[in-house]
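Coordinate analysis (summary)
Given next are the chains, with one letter for each unit.
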Amino acid sequence: ATRFPSGPKSLADYIHARGAKFGIYSDEGTKTCQGYYGSEGYEDLDAKTFAAWGVDYLKLDGCNNDAKGFATGYPAMGRALQQSGRDIVYSCSWPAYIGDDESVKPYDAMSEAGCHLWRNWHDVQCEWSSV
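The model shown is predicted, which means the values in this text are computed figures rather than measured ones. (Residues numbered from 1 in each chain as written. Predicted model: local features only at pLDDT ≥ 70, side-chain atom pairs only at ≥ 80, totals over all residues. Heavy atoms only, no water.)

**Looking at the layout of surface pockets**
As a reminder, the rule being used: Using a grid of 1 Å spacing that covers the protein atoms alone, one calls a set of points a cavity when a 1.4 Å probe fits there but cannot get out, and a pocket when the set is open and has protein on both sides within 12 Å along at least five of seven lines; lining residues are those with an atom within 4 Å of a point. Grid points are joined across faces, edges and corners, and a volume is the space filled by probe spheres set on the points. In DSSP terms, a helix is any run of H or I states spanning at least four residues, a strand is any run of E spanning at least two, and both are numbered starting from the N terminus. Each residue is assigned to one of three groups, with Ala, Val, Leu, Ile, Met, Phe, Trp, Tyr, Cys and Pro labelled nonpolar, Asp, Glu, Lys and Arg labelled charged, and all others, Gly among them, labelled polar.
Looking at the largest pocket, its volume works out to about 400 Å³. In terms of lining residues, the largest pocket is bounded by 14 residues, among which Arg-3, Phe-4, Ile-24, Tyr-25 and Tyr-36 are the most central. For the lining of the largest pocket, the secondary-structure elements that each account for two or more residues are α1 (8-17), β1 (23-27) and α2 (43-53). Ranked by the residues each element gives to the lining of the largest pocket, the list is headed by β1, at 3 residues. Here the residues of the lining of the largest pocket sort into 10 nonpolar, 3 polar and 1 charged.

Spelled out as structure tokens, the structure:
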């Protein structure tokens, strides 16, 4: 079965026609957290594709990678998005995968990488203990 039979561009046009923004998810790893193909090594191609589709927001996760890969991959995607010809809000999950010590997280590097916002901690679950 095809998830979006008319393609992502048609979906984006539909969403935009209703005054909303179109966001998409990818991963700065070989695979997403769900096991789909990730953007690692394909940042330029993915950014151009997202721009052509009319994407307004990218959430880039960090499964299936490591700190060294984050330090090169998140900036690579940031540069690719900036060169894509479309303003795409860039949400980075980089710090969430570095640990709990906020003093070692590379906030300056994340800002320089073009991250507009980032995730610092693990996902919030449907239970108070995760908050």
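**Some thoughts on the side chain of Asp-46**
Rule in force here: Buried, partly exposed and exposed residues are distinguished by accessible area as a fraction of the type maximum, computed with a 1.4 Å probe on protein chains only: under 20%, between the cut-offs, and over 50%, respectively. Charge assignment: positive for Lys and Arg, negative for Asp and Glu; neither His nor the chain ends contribute. The term salt bridge refers to a pairing of a side-chain nitrogen on Lys or Arg with a carboxyl oxygen on Asp or Glu at a separation within 4 Å. Think of a polar contact as two N or O atoms within 3.5 Å of one another; within protein, one of them needs to be a possible hydrogen donor and the other a possible acceptor, and neighboring residues in sequence only count if both atoms come from side chains. What makes two residues a contact is simply this: any of their non-hydrogen atoms within 4.5 Å.
With respect to the secondary-structure elements, Asp-46 resides in helix α2. Buried and unpaired, Asp-46 has Lys-48 as its nearest opposite-charge partner, separated by 11 Å. Here the side chain of Asp-46 touches Ser-39 through a polar contact of 2.5 Å, side chain to side chain. Discounting residues that sit within four places of it in the chain, Asp-46 has contacts with Ser-26, Gly-38, Ser-39 and Met-77.

**Describing α2**
The condition that has to hold: Throughout, the arc means the angular range of directions from the helix axis out to the C-beta atoms.
Residues of α2 that are buried: Glu-43, Asp-46, Ala-47, Phe-50 and Ala-51. One face of α2 carries all of its buried residues, which in axial projection span an arc of 135 degrees. For α2, the exposed residues set more than 90 degrees away from the buried face come down to Leu-45, Lys-48 and Ala-52. Against the buried residues of α2 lie β1, β2 (57-61) and α3 (67-82). Positive backbone phi, at 90 degrees, marks Gly-54, one or two positions downstream of α2.

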